[in-house]
Amino acid sequence: MEDLCAKFVSQKLSKENKISIWSVGDAESVSPNGEYQGEPQLLCDIRHYGDVMDMQFLDQERIVAASSTGSVTIFRHHQNNQTLSVSQKWERAHCHVDSDTSTCGSASCTGIICKNPEIVTVGEDGRINLFRSDHKQAVRTIDNADSSTLHAVTLLRTTEILTVNSIGQLKIWDFRQQRNEPSQIFSLTGDRVPLHCVDRHPNQQHIVATGGQDGMLSIWDVRQGSMPVSLLNAHDAEMWEVHFHPSNPDHLFTCSEDGSLWHWDTSVEVSEKPSFLHQGGRSTFLSHSAVNQPNVNQSVVSAWLSNDPTKDRMEITNVIPNPTLSVNSVDVLGPCLVCGTDAEAIYVKRQLFA
């Protein structure tokens, strides 16, 4: 774990009312033997009204933040003098409307997805908004898109998004259609377990991963069926985020209220690897496959969709040693992983695949 660096910041790294820019070092911070020598450095920060519910970069200079007040704000990072400023703000993008008085009560904006210049937001009010960074008003709004809370959203294709909600449903929405109804609905069987997070496979857009209140990792193929292809026993508490590696999607990362941050690796057979008992990892079987895939060319099936648990196992490694408090957020790019925790620490792992 020499390449795992912890920076204690005297505040929980979660849904805080502040936007901060940190530097996690560069190549000069890595010693000749590959160990990370630096620690994250705070560059600048700015006050944020309400709790930050979600956050994404729109481009290299702009950050979009979702607020518990229902607003959506674009912040610009001025790299020449290391400051942050508000570039654009949509007040009350999400709110509960009282039908009798027509007043608007606060509703959290719970999730955002960006593809410059477009921004899609979802919220506690069941509303979906499509914004453009250069427009002062929403380009498209679907009021009452869902009768329950929408917790997260991801982009499937250019005009399609996928949302997850508090009763265990996935819904696909196509902005080319004028009607305000989903084009497809998927759901977990049995109990309506709230889903908190979703991510789409970067290369195969039909593959989607979700996680929720029961800590299970669900893999879906949105081309067929209405249930997950596979369910994997994962965390002991709520799963807060799930992310495929953007350029190496055989690797996936999940974080949880139980204090763990798991690295799921399907890149090679476990039997081909050195003993993971000495690496702090463990292996697991796919717990079950909900649907068969008789019509899919098996030569191009992703490891995530494989339905032969006797053959296809995966290695799981807990990235954070001795987990205690919730890991609230995680992001990954190239060989570098960053996460924030209730233990008042930013963790940076520089060599994921070493």
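An unreviewed UniProt entry annotates the protein chain as Nucleoporin Nup43 originating from Alligator sinensis. The record held by UniProt for the protein chain lists under Subcellular location (unreviewed entry) the comment "Nucleus".

**So, the packing of aromatic side chains**
Under the definition given, this model contains four aromatic pairs. Pairing Phe186 with Trp220 gives two aromatic rings, centres 6.4 Å apart and planes at 75°, and the pair type is edge-to-face. Linking Phe186 in strand β17 (residues 184-187) with Trp220 in strand β20 (residues 217-221), this pair joins segments that are 34 residues apart in sequence.

**What to know about the nonpolar core**
Core analysis: the biggest nonpolar cluster contains 18 residues, and Ala209, Leu217, Ile219, Val242, Leu252, Trp264 and Trp304 have the highest contact counts within it. At the level of secondary structure, the elements contributing two or more residues to this core comprise β19 (207-212), β20, β22 (239-244), β24 (261-265) and β27 (313-318). Counting residues per element, this core draws most heavily on β22, at three residues. Among the nonpolar cores identified, the runner-up in size contains 15 residues, and Ile172, Val198, Val208 and Val222 belong to it.

**Here we look at the side chain of Thr154**
Here Thr154 is to be found in strand β14 (residues 150-155). Take Thr154: its relative accessible area is 4%, and that puts it in the buried class. The contact partners of Thr154, leaving out residues within four places of it in the chain, are Ile113, Ile161, Leu162, Val198, Asp199 and Arg200.

**Things to note about the state of the cysteines**
Covalent bonding between the sulfur atoms of two cysteines is what defines a disulfide. Per the counting criterion, the structure on display carries one disulfide. Residue pairing for Cys95: its cysteine sulfur links by disulfide to Cys104, the two sulfurs lying 1.9 Å apart.

**Overview of the environment of Gln351**
With respect to the helices and strands, Gln351 occurs in the segment after β30 (345-349). The class of Gln351 is partly exposed, set by a relative accessible area of 28%. Counting along the chain gives 15 residues from Gln351 to Cys336, while the straight-line C-alpha distance between them is 6.1 Å.

**Topic: the sheet that holds strand β4 (residues 52-57)**
Spatially, β4-β5-β6-β7 is the arrangement adopted by the four strands of the open sheet, whose pairing is antiparallel. Looking at which strands have only one partner, the edges of the open sheet turn out to be β4 and β7 (83-90). Averaged over all pairs of adjacent strands, the angle between strand axes in this sheet comes to 25°, irrespective of strand direction. Here strand β5 (residues 62-67) pairs with strand β6 (residues 72-78) via five bridges, running antiparallel. Bridge pairing in β6 links Ile63 to Phe75.

**A look at the UniProt feature "repeat: WD" (unreviewed entry) in the protein chain**
Those places that UniProt annotates as "repeat: WD" (unreviewed entry) correspond, in this numbering, to residues 188-230 and 232-265. Secondary structure within residues 232-265 divides into 0% helix and 53% strand; the distance between the first and last C-alpha atoms comes to 13 Å.

Rules used in this analysis
Residues numbered from 1 in each chain as written. Predicted model: local features only at pLDDT ≥ 70, side-chain atom pairs only at ≥ 80, totals over all residues. Heavy atoms only, no water. UniProt positions renumbered as here; feature names shortened; annotations may be inferred. Phe/Tyr/Trp six-rings, centres within 6.5 Å; stacked < 30°, edge-to-face > 60°. Helix = DSSP H or I, 4+ residues; strand = E, 2+ residues; numbered from the N terminus. Core = buried A, V, L, I, M, F, W, Y, C linked by side-chain atoms within 4.5 Å. Buried < 20%, exposed > 50% of the residue type's maximum accessible area, 1.4 Å probe, protein only. Contact = heavy atoms within 4.5 Å. Disulfide = S-S within 2.5 Å. Pairing = 2+ DSSP bridges. Axes fitted to C-alpha atoms, helices over the stretch in contact; angles between N-to-C directions.

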